[in-house]
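Structural description and commentary
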Amino acid sequence: MEDLIWDAVPAQRKRKEEQFTTPVVTMSSLEKVGAGRKFTFNKAAQELLGIVGEDRVSFGFQASTKSIFIKRASGDAGFKLTKTCTLSDKRTYEFISKMLELNNDVENHFDLAASAIGQGVVGMTLMVTDNVAIEEPAIVFETRDLGEVSDENPYEEKEVAVDQEEAVMPEPEVAEVAEVEGSTEEDVW
């Protein structure tokens with residue numbers, strides 16, 4: 001009787017499990033038409049940055065080294081997070097995608113680590129995961145010397161010289177049919 005619920009409907013959905021135990025920011029995939037350009041901060045990333053839902057964060061970029069940094073913003077600066085610590089910003093998403101030449105058909109995960117730039121500034125490093133799609137398949141071609149190339153059509157019918165003995169096919173052996181009382185040759189065939 002412990003699992004009996006009164007005056008409420010039990011939850012029909014399962015809680016989302018954390019994919020990583022380390023601090024990670026995930027850029028959502030754009031696989032579906034109309035998919036949002038969303039950044040999701042896991043619990044460990046929220047703790048590292050000291051953020052909770054509806055706080056603000058700022059991104060920093062160093063284009064010469066393709067480095068990305070993030071920190072908790074104060075006041076009205078930066079981007080406001082949702083209650084679940086996500087944010088959507090098309091310009092930032094597309095800038096990061098172009099700068100790092102990312103494949104947006106899969107989720108891209110960034111490992112977070114404290115940086116030497118200043119207190120509260122965290123560096124974002126692209127993680128390599130199993131679900132990374134390859135934009136161009138890696139194809140390896142072998143080259144071989146085939147010698148001289150002929151202009152002949154390999155599919156053209158050709159007359160082939162055959163020994164006279166091989167050309168004659170032996171007659172197939174026919175088994176004798178034993179006559180059965182009351183049967184005729186027509187019954188056999």
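Residues numbered from 1 in each chain as written. Predicted model: local features only at pLDDT ≥ 70, side-chain atom pairs only at ≥ 80, totals over all residues. Heavy atoms only, no water.

Comments concerning helix H2 (residues 90-100)
Along H2, the residues classified as buried are Thr92, Tyr93, Ile96, Ser97 and Met99. If you follow the buried residues of H2, they end up packed against strand S1 (24-27), strand S2 (38-41), strand S3 (56-62), strand S4 (67-73), strand S5 (79-80) and strand S7 (108-114). At the exit of H2 stands Glu101, carrying a positive phi of roughly 50°. (Buried < 20%, exposed > 50% of the residue type's maximum accessible area, 1.4 Å probe, protein only. Helix = DSSP H or I, 4+ residues; strand = E, 2+ residues; numbered from the N terminus. Contact = heavy atoms within 4.5 Å.)

Some thoughts on the pairing of S7
As paired strands, S1 and S7 are joined by four bridges and run antiparallel to one another. Bridged to Thr26 within S7 is His109. Sheet analysis places S7 next to strand S8 (residues 122-126), joined by five bridges and oriented antiparallel. Bridging across to S8, Asp111 finds its partner in Thr125. (Pairing = 2+ DSSP bridges.)

With respect to the packing of aromatic side chains
Scanning all chains against the criterion turns up five aromatic pairs. Centre to centre, the rings of Phe59 and Phe61 are 6.3 Å apart; their planes meet at 10°, and the pair counts as stacked. Using a relative accessible area of 14% as the deciding quantity, one classes Phe59 as buried. For Phe61, a relative accessible area of 34% translates into the label partly exposed. Grouping aromatic residues by their ring pairs yields a cluster made of Phe39, Phe59, Phe61, Phe79, Tyr93 and Phe95. (Phe/Tyr/Trp six-rings, centres within 6.5 Å; stacked < 30°, edge-to-face > 60°.)

Digging into the sheet that holds S2
What the eight strands build is an open sheet, ordered S5-S3-S4-S8-S7-S1-S2-S6; its pairing is antiparallel. One side of each edge strand has no neighbouring strand; the edge strands of this open sheet are S5 and strand S6 (86-88).

Quick look at the pairing of S3
Sheet analysis places S3 next to S4, joined by seven bridges and oriented antiparallel. When the bridges of S4 are listed, Arg56 appears paired with Ala73. Where S3 meets S5, two bridges bridge the pair, whose relative direction is antiparallel. The partner of Arg56 across the bridge, within S5, is Lys80.

Overview of the nonpolar core
With 22 residues, the main nonpolar core has Phe39, Phe41, Ile70, Leu112 and Met124 as its most contacted residues. Mapped onto this core, the elements with two or more residues apiece are S1, S2, helix H1 (43-49), S3, S4, H2, S7 and S8. At three residues, H2 tops the list of elements feeding residues into this core. Apart from the residues lying within four places of it in its own chain, the contact partners of Leu112 are Pro23, Val24, Val25, Ala45, Leu48, Leu49, Ile70, Val122, Gly123 and Met124. (Core = buried A, V, L, I, M, F, W, Y, C linked by side-chain atoms within 4.5 Å.)

Quick word on the side chain of Asn103
Its location among the elements puts Asn103 in the loop between H2 and S7. For Asn103, a relative accessible area of 11% gives the class buried. Looking at Asn103, its side chain comes within polar contact range of the main-chain nitrogen of Asp105, at 2.9 Å. (Polar contact = N/O pair within 3.5 Å; in protein donor to acceptor, adjacent residues only side chain to side chain.)

Some points on the pattern of salt bridges
All chains considered together, the criterion is met by two salt bridges. As a salt-bridge pair, Arg37 and Glu94 come within 3.0 Å of each other at their nearest N and O atoms. With Arg37 in the loop between S1 and S2 and Glu94 in helix H2, this pair connects stretches of sequence that are 57 residues apart. In this structure Arg37 comes out as partly exposed when scored by relative accessible area, which is 25%. Overall, Glu94 belongs to the partly exposed group, its relative accessible area being 27%. Where Arg72 meets Asp55, a salt bridge forms, and the shortest distance between an N and an O atom there is 3.3 Å. In this pair, Arg72 sits in strand S4 while Asp55 sits in the loop between H1 and S3, placing the two residues 17 residues apart along the sequence. Using a relative accessible area of 45% as the deciding quantity, one classes Arg72 as partly exposed. Classification of Asp55 as buried rests on a relative accessible area of 15%. (Salt bridge = Lys/Arg side-chain N within 4 Å of Asp/Glu carboxyl O.)

So yeah, pure geometry; function would need other evidence.
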